[in-house]
Every structure is written in structure tokens, then in C-alpha cells.
Amino acid sequence: MTARILDGKRIAQAVRSEVRARAIELKAEGVVPGLAFILVGDNPASAVYVRSKGQACEEAGFHSVTERLPAGATQDQVLGLIAAFNADERIHGILVQLPLPEQIDEDTILASIDPAKDVDGFHPVNVGRLATGQDCLVPCTPLGVREMLIRERIQTRGRHAVVVGRSNIVGKPMVNLLLRYGEGGDATVTVCHSKTVDLGAITRQAEILIVAIGRAQAVTREMVRPGAVVIDVGINRVPDPARPGKTRLVGDVDFEGVSEVAGAITPVPGGVGPMTIAMLLANTLKAAETAAGARAAR
Ligand code: GUN
């Protein structure tokens, strides 16, 4: 069997064009969705991510601003920027790119963002609302996985989903989304992580296997149940054997082997990655719509 490829690039384009269409309508009502990025230090990967997120904003017709601080910036400087964006009515979303330099406490920073502008869904209020099944802003990557499953008509209800990884950014919110009532939820969920004994014995039980462990090609074909839906959240840069001295991107799943047993699989690149940016735009749009509704009611 050869797995169906879940084309994240195509699905993300569909989401982005819907977001853009809705942004045009909002503009007619005098609201331009606005997203602020805060980038601290000179991590090259972070700079690339922020640039491509800014470009996506432009394509969607959003207003965006990027504030850059040097690697030696103080926590108070970052808090000052956040306070200014919290108070700025043109800004509906605030994204502090992670990781932050070690002198800055991530939890303090994330908790200082207005939860209504927390388009990453990392503020404890949004985390709590997600865990209790209330409407909230949800982290973009797991939200993108859910969107993919829904648009590809992959049933989650009553099925056994195994999530490998327990991060605050992907694993834990993914579990909470799969446990919600209704579309894209109602799954039976098992969570595995780096201390799990005999990972393969558990992943082999998965009808839907979602992998976010940050280890290149860690999930191999023996670990996958025939016909399973495999969602690979990993992005790892490894040496390219075909091009000495060069690198290539691979996921946390051994795509070649696993695509021979899985029923459906996301590629890397072109799977979950593009969905993350699309959902960031969707979250910013949602925050702008909520803010506009609140302003109209004032
Ligand atoms: N760094 C890696 N992933 C993310 C993300 O989803 N949001 C932010 N703000 N930083 C990240």
C-alpha cells in the first residue's frame, strides 16, 4: 500500500484565501487585522520564521509590525513593548517569537500578553480555556493539524489517536483539541513522550498518529499500524547524503518507510508547516473580529 499524501501546502492556501476574503470584508467595515511580532536576539531560524509570517500578513491584507531587540535586551524592555501593543487598538495579535534569551523568563513574558491578543494561544488563560473546552485562541500548529484532519474528512470521533510529544506548543494542546466535543474531537487519546517505555507498542495501536518529538525520522514503519493516518509535526535539518556538505529537511517520521504502511501521511516539508502560518492568520482574524464586535458593543 502507498499512503495518501496530505498536502498541507494546498490546504493552507485554501485557508489563507478564505482569511484574505474575510479581511477584505472587515476592511470595508473599517477594521484592518493587525499583528505585532517581537523578535529578541539573532537566532537565524527565528528571524526566518518572523520574516515569513510577516510576508503572510501582507498577502492576507493585514497590517503587521516587527520590533527587534538585541540578544542582551532586558525582560523589562520586552514587557514594555508588550504593554504598548496591548494598549494599541490597531494591533489585534501579539507574537513573541520563541525561544527567548536566557535572562528573560518565558512564562512572565507570555502571561503579560492580553489574552485577547494572544494569537499563539500560550497565555495561561487560553491554555485553561482550551483544557476546559471553552472558546479561546488555540496554538497554531495543533490547530493546523485539526484543520487538516477536518478538511481531509479524517474522522476523529471514537478513534484512537496517539500523540507523541508533550510540549506546551504542540503535544498538550493537540491532546486537548482531540478531546474536545464535536468535529475534530471526540477521540480516544494516548500521550507518549521521551520517557515512554516501548513507544512502538503504543504507536502501533494508533489509528491517528501525531508525532512532535523533534527527533529526525524517529518513527519507523514497524511502529505504525497498517492504514493509520500519520501526521508529522517535526522539522529537522540533517546532512543530505545525496549532496555532500548540504542539508535537507526531514520530519520526525521516516517518510519513505512509513508511507508504505500508512493510509495517509503528511510530507515534510509541505505538510503541517504551512498550516501553522495559515492558522496564525486565522487566529489574528478571529482576534480582530472579536475586538471589532467588542468595540461596536461599547
Ligand atoms: N517558536 C517555535 N514555534 C513557535 C510558535 O509557534 N510561536 C512562537 N511565538 N514561537 C515559536
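## Structural notes on the sheet that holds strand 3 (residues 63-69)
One open sheet holds the 3 strands; their spatial order is 3-2-4, and the pairing between them is parallel. In this open sheet, the two edge strands, each paired with only one partner strand, are strand 3 and strand 4 (93-96). The sheet shows a mean angle of 15° between the axes of neighbouring strands, direction not considered. Where strand 2 (residues 34-40) lies against strand 3, 7 bridges are found, and the strand directions are parallel.

## Let's talk about the nonpolar core
With 53 residues, the main nonpolar core has F62, V145, I210, V229, I231 and V233 as its most contacted residues. Considering every element that reaches this core, the biggest residue donor is helix 10 (residues 272-297), with 11 residues. Residues within four places of V229 in sequence aside, it is in contact with L6, L149, I154, E207, I208, L209 and A264. One finds V40, L69, L98 and F122 within the second-largest nonpolar core, a separate group that totals 19 residues.

## What about unusual backbone geometry?
With an omega dihedral of 0°, the bond running from L98 to P99 counts as a cis peptide bond. V268 connects to P269 through a cis peptide bond whose omega is -5°. Tracing the sequence through the fold places P269 in the loop between strand 11 (264-265) and helix 10. One non-glycine residue, R153, lies in positive phi territory at about 55°. Here R153 shows up in the loop between helix 6 (140-151) and strand 5 (160-164).

## Re the pairing of strand 8 (residues 229-232)
Residues of strand 8 alternate between two faces, with V229 and I231 on one and V230 and D232 on the opposite face, all of them buried. Alignment of strand 7 (residues 208-211) against strand 8, held across 4 bridges, turns out to be parallel. Pairing of I208 across the sheet is with V229, part of strand 8. Bridging between strand 8 and strand 11 involves 2 bridges; their strand directions are parallel. Bridging across to strand 11, V229 finds its partner in A264.

## Here we look at the sheet that holds strand 6 (residues 188-192)
Strand order across the open sheet formed by 6 strands is 1-11-8-7-5-6, with parallel pairing between neighbours. Edge positions in the open sheet fall to strand 1 (4-5) and strand 6, since each of these has one partner strand only. Relative to strand 11, strand 1 runs parallel, the two sharing 2 bridges. Across the sheet, the residue bridging to I5 is I265, located in strand 11.

The rules behind the values
Residues numbered from 1 in each chain as written. Predicted model: local features only at pLDDT ≥ 70, side-chain atom pairs only at ≥ 80, totals over all residues. Heavy atoms only, no water. Pairing = 2+ DSSP bridges. Helix = DSSP H or I, 4+ residues; strand = E, 2+ residues; numbered from the N terminus. Axes fitted to C-alpha atoms, helices over the stretch in contact; angles between N-to-C directions. Core = buried A, V, L, I, M, F, W, Y, C linked by side-chain atoms within 4.5 Å. Buried < 20%, exposed > 50% of the residue type's maximum accessible area, 1.4 Å probe, protein only. Contact = heavy atoms within 4.5 Å.

By themselves, these are just geometric observations and shouldn't be taken as functional.
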